[in-house]
There are 2 protein chains.
Amino acid sequence: MSSNAHGRTSEETPLTIGEPKAPTHGERARTLVGAETTGTLATLNNDGFPHGSYVTFALDGSDPVFLVSKLAAHTQNLENDARASLLVHEVGATDPLSNGRVTLLGKCERLTDDASAREAFLAVHKQAEYYVDFSDFSFWRLAVQSVRYIGGYGRMSWLDLDGWRSAQCDPIAVHATGIIQHMNDDHADAMVCYARAFTRAIETDDVVMTGIDRYGFELSVAVNGGRRPARIAFEEPIATPTDARKTLVSLLGSARAQLEAKRTSSP
Amino acid sequence: MSSNAHGRTSEETPLTIGEPKAPTHGERARTLVGAETTGTLATLNNDGFPHGSYVTFALDGSDPVFLVSKLAAHTQNLENDARASLLVHEVGATDPLSNGRVTLLGKCERLTDDASAREAFLAVHKQAEYYVDFSDFSFWRLAVQSVRYIGGYGRMSWLDLDGWRSAQCDPIAVHATGIIQHMNDDHADAMVCYARAFTRAIETDDVVMTGIDRYGFELSVAVNGGRRPARIAFEEPIATPTDARKTLVSLLGSARAQLEAKRTSSP
């Protein structure tokens, strides 16, 4: 079930044409969790209160795993009641509630065979090699039963569990900041071409890239004294920064051809 | 009850002389929470699972207050069961578990008289003026019953509740980063004098400041091929950056005089 409550104003109605392919909420959630290494583990204390603890984690498949000391309050709580959740959020947005966040709910179990968890965890948390073999430390897994995704204002859903399990982290996510900065710093003219050719903003002259993923990219487009979002899809999903460069160059050729054809066909 | 489990190695034994006055855990926790504006609110869902939600908050006195929509999962949970906690953590340490964190546990109530909460919240969250008067938004308060403080590896305690309630945010905290950077960039020689005069490291020649608070400052001191921490207290608590400058200048005079007296009294 999705909700778009508190979508802001009609000023923000997208300029997008059609319904360009975009990541599902499952893919967005998986990408978000896969990019973070810390979160809040909520457990139940002896009085039945939900206790939030700051923890390090890694994804082992679609479930988060933890390396925790039996001395920790959350571990003692889990020994008594396995019910838990892990909240993971993005950082960096000026308005904090624009940051995406995901809550993974399920029961936690201490792992007797921890080979897979150990490998996944130490790949992300090198500093844990210092205490991984301390006798009071063990690996635990949260077996995800339900997933709450909030992508920012007005983009939220309870995810389909299979959708979470089968989703892959977006391979472009770790490169997105660099690509966006490069496009905005060096190719402002290209962005104007994309917007004029592939969105409703056929006369804009001020466009910035705000996002990119394997399926396409997002623009903030100046129109009528305001700014509105637009999305443009790639013909095929991309997987690498090289793919991104080739596809964006190719799209620019198409955009220029389309704008030129329109210009010469006008009276 | 405090624990120092997993303190690291004897290499890290402080070079401190005596027991210089330092912030209590209550003061450290209050300063930490007062410096942050977001946290994880843990509530109980219909199945009794603890659900973590990313929220904005402000301290109104010693209790956190929230502005939440009745559409939010956590608000629906609180309508059914008031038990909750707020986890707040620092960010920025290279090793995430070196970040301090505080869990405030208690029951949440929707405020009918929200004047004080509104003022405290909007002072910190200007962007909330946009939706503060939406009909589905209300202020809630978490009435703190217990407080868990973890200051990093091996510095943790359940706080005395009166200690939490009566503690004040350290007035130097918001200036600490700037003071530390200035001292390390421009006054490395002064730091060596402080360490030689006021710690056990009487021959060190490499010292950096790592922390400052109203009661004193912390150094990382090179000795015998390693680095060890040391703390030096001010004679009187300070309250402003100007106090810090005057006190550090005065301490440098004392340190130089002490080192000179020692030099001239040596054979």
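Keep in mind the model is a prediction, meaning the values are calculated, not measured. (Residues numbered from 1 in each chain as written. Chains lettered and ligands numbered in written order. Predicted model: local features only at pLDDT ≥ 70, side-chain atom pairs only at ≥ 80, totals over all residues. Heavy atoms only, no water.)

Trainee: Looking at this structure, I do not really get the interface of chain A and chain B. What am I missing?
Mentor: Put simply, an interface is often sized by how much accessible area is lost when its parts join up. Taken together, the contact pairs 45 residues of chain A with 45 residues of chain B. Regarding the contact of chain A and chain B, the summed buried area is about 3,600 Å², with carbon and sulfur atoms giving 66% of it. In this structure, the connection of chain A to chain B is made through 11 residue pairs in polar contact (both at pLDDT 80 or more). Every element with two or more residues in the side of chain A that touches chain B is listed here: strand E2 (38-44), strand E3 (50-56), strand E6 (83-89), strand E7 (101-110) and strand E8 (137-150) of chain A. A per-element tally of the side of chain A that touches chain B places E3 of chain A first, with 6 residues. (Contact = heavy atoms within 4.5 Å. Buried area = accessible area lost by both parts, 1.4 Å probe. Polar contact = N/O pair within 3.5 Å; in protein donor to acceptor, adjacent residues only side chain to side chain. Helix = DSSP H or I, 4+ residues; strand = E, 2+ residues; numbered from the N terminus.)

Trainee: When you look at the packing of aromatic side chains in this model, what are you seeing that I'm missing?
Mentor: Aromatic rings in a pair are described by how distant their centres are and how their planes are angled relative to each other. Taken as a whole and judged by the stated rule, the model has 14 aromatic pairs over all chains. Judged by centre distance (5.7 Å) and plane angle (70°), the ring pair of phenylalanine 121 of chain B and phenylalanine 139 of chain B falls under edge-to-face. Highlighted residues: phenylalanine 121 of chain B in helix H3 (residues 115-124) and phenylalanine 139 of chain B in strand E8 (residues 137-150), separated in sequence by 18 residues. The exposure class of phenylalanine 121 of chain B is buried, given its relative accessible area of 0%. A residue is classified by how much of its surface remains accessible, and phenylalanine 139 of chain B, at 2% relative accessible area, is buried. Grouped by ring-pair contacts, the aromatic residues Tyr130, Tyr131, Phe134 and Phe137 of chain A constitute a single cluster. (Phe/Tyr/Trp six-rings, centres within 6.5 Å; stacked < 30°, edge-to-face > 60°. Buried < 20%, exposed > 50% of the residue type's maximum accessible area, 1.4 Å probe, protein only.)

Trainee: Even after reading the chapter, I still don't get the relation of the copies chain A and chain B, so can you show me in this structure?
Mentor: With an axial shift of 0.0 Å and an RMSD of 0.0 Å, the rotation relating chain A to chain B amounts to 180°. This pairing of chains is accounted for by a two-fold axis. Considering only C-alpha atoms, the residue of chain A closest to the rotation axis is proline 50 of chain A, which sits at 2.6 Å. (Least-squares fit on C-alpha atoms with pLDDT ≥ 70 in both.)

Trainee: Would you mind showing me how to read the packing of helix H6 (residues 188-198) of chain B against helix H7 (residues 241-265) of chain B here?
Mentor: All names here are of chain B. Taken N-terminus to C-terminus, the directions of H6 and H7 make an angle of 55°; their axes are 9 Å apart at the nearest point. With respect to H7, the element H6 is oriented oblique. With respect to the hand of their crossing, H6 and H7 are arranged in left-handed fashion. Judged by residue contacts, Asp189, Ala190, Cys193, Tyr194, Arg196, Ala197 and Phe198 of H6 engage Leu248, Val249, Leu251, Leu252, Ser254, Ala255, Arg256, Gln258, Leu259 and Lys262 from H7. (Axes fitted to C-alpha atoms, helices over the stretch in contact; angles between N-to-C directions. Parallel < 35°, antiparallel > 145°, perpendicular 65-115°, else oblique. Left-handed = near helix turned anticlockwise from the far one by under 90°.)

Trainee: Just to check I follow, could you spell out the pairing of strand E6 (residues 83-89) of chain B for this structure?
Mentor: Within a regular strand, the side chains alternate between the two sheet faces. Residue and element names in this part refer to chain B. Burial analysis of E6 places 6 of its 7 residues in the buried class, the great majority of the element. Pairing geometry for strand E2 (residues 38-44) and E6, over 3 bridges, is antiparallel. Bridge assignment links leucine 41 to a residue of E6, and that residue is leucine 86. Note: E6 against strand E7 (residues 101-110), 7 bridges, orientation antiparallel. Of the residues in E7, the one forming a bridge with serine 85 is leucine 105. (Pairing = 2+ DSSP bridges.)

Trainee: Would you explain the sheet that holds strand E10 (residues 207-213) of chain B in this entry?
Mentor: Hydrogen bonds between backbone groups are what pair the strands of a sheet, and the pairing can be parallel or antiparallel. Residues and elements named next belong to chain B. Taken together, the 3 strands give an open sheet; going across it, the order is E10-E11-E12, and neighbouring strands pair in antiparallel fashion. Of all strands in the sheet, those bounded by a partner on one side alone are E10 and strand E12 (226-233). In this sheet, neighbouring strand axes are inclined to one another by 25° on average, regardless of whether the strands run parallel or antiparallel. Relative to E12, strand E11 (residues 216-223) runs antiparallel, the two sharing 8 bridges. Paired with valine 223 across the bridge in E12 is glycine 226.

Trainee: How do you make sense of the sheet that holds strand E12 (residues 226-233) of chain A when you look at a structure like this?
Mentor: Residue and element names in this part refer to chain A. As summarised here, the arrangement of the 3 strands in space is E10-E11-E12, forming an open sheet in which the pairing is antiparallel. The open sheet is flanked by strand E10 (207-213) and E12, the only strands paired with a single partner. Averaged over all neighbouring strand pairs, the angle between strand axes comes to 25°, with direction disregarded. As judged from the 6 bridges shared by E10 and strand E11 (residues 216-223), these two strands associate in the antiparallel manner. Along E11, the bridge assignment pairs valine 208 with serine 220.

Trainee: Please clarify how the pattern of salt bridges should be interpreted in this entry.
Mentor: Once the charged atoms of two side chains with opposite charge are near each other, the side chains can pair. Residue and element names in this part refer to chain B. Under the criterion given, the structure shown has 22 salt bridges over all chains. Across the pair aspartate 206 and arginine 227 runs a salt bridge whose closest N-O atoms are separated by 3.0 Å. Of the two residues, aspartate 206 is situated in the loop between H6 and E10 and arginine 227 in strand E12; the sequence distance between them amounts to 21 residues. Of the charged contacts, one joins aspartate 213 and arginine 231 as a salt bridge, the two residues approaching to 3.0 Å between their closest N and O atoms. Taken together, the positions of aspartate 213 in strand E10 and arginine 231 in strand E12 put the pair 18 residues apart, joining distant regions of the chain. (Salt bridge = Lys/Arg side-chain N within 4 Å of Asp/Glu carboxyl O.)

Trainee: For this particular structure, what's the right way to read the domain arrangement of chain A?
Mentor: With domains assigned, chain A is organised as domain 1 (25-166) and domain 2 (173-265). Spacing between the C-alpha centres of domain 1 of chain A and domain 2 of chain A amounts to 35 Å. (Domains from an automatic or database assignment.)

Trainee: Explanation requested: H6 of chain B in the structure shown.
Mentor: Since the α-helix advances by 3.6 residues per turn, residues separated by three or four positions end up pointing in the same direction. Residue and element names in this part refer to chain B. For H6, the buried fraction is high: 8 of the 11 residues fall into the buried class. Of the positions making up H6, those classed as buried are Ala190, Met191, Val192, Cys193, Tyr194, Ala195, Ala197 and Phe198. Residues of H6 that are buried in the fold lie against helix H5 (173-186), E10, E11, E12 and H7.

Trainee: For this particular structure, what's the right way to read helix H5 (residues 173-186) of chain A?
Mentor: Between the first and last C-alpha of H5 of chain A there are 20 Å, a value that for 14 residues agrees with the 20 Å anticipated at 1.5 Å per step. Within H5 of chain A, burial applies to Ala176, Ile179, Ile180 and Met183 of chain A. (Expected span 1.5 Å × (residues − 1).)

Trainee: Explain the pairing of E8 of chain A here, please?
Mentor: Residues and elements named next belong to chain A. When you tally the buried positions in E8, you get 11 out of 14 residues, the bulk of the element. In the sheet, strand E5 (residues 63-69) pairs with E8 via 5 bridges, with the strands oriented antiparallel. Bridge pairing in E8 links phenylalanine 66 to tryptophan 140. Sheet topology note: the E7/E8 ladder contains 10 bridges and is antiparallel. The residue bridging threonine 103 from the neighbouring strand is arginine 148, located in E8. Relative to strand E9 (residues 156-158), E8 runs antiparallel, the two being bridged by 3 bridges. Looking across to E9, one finds that tyrosine 149 is bridged to serine 157.

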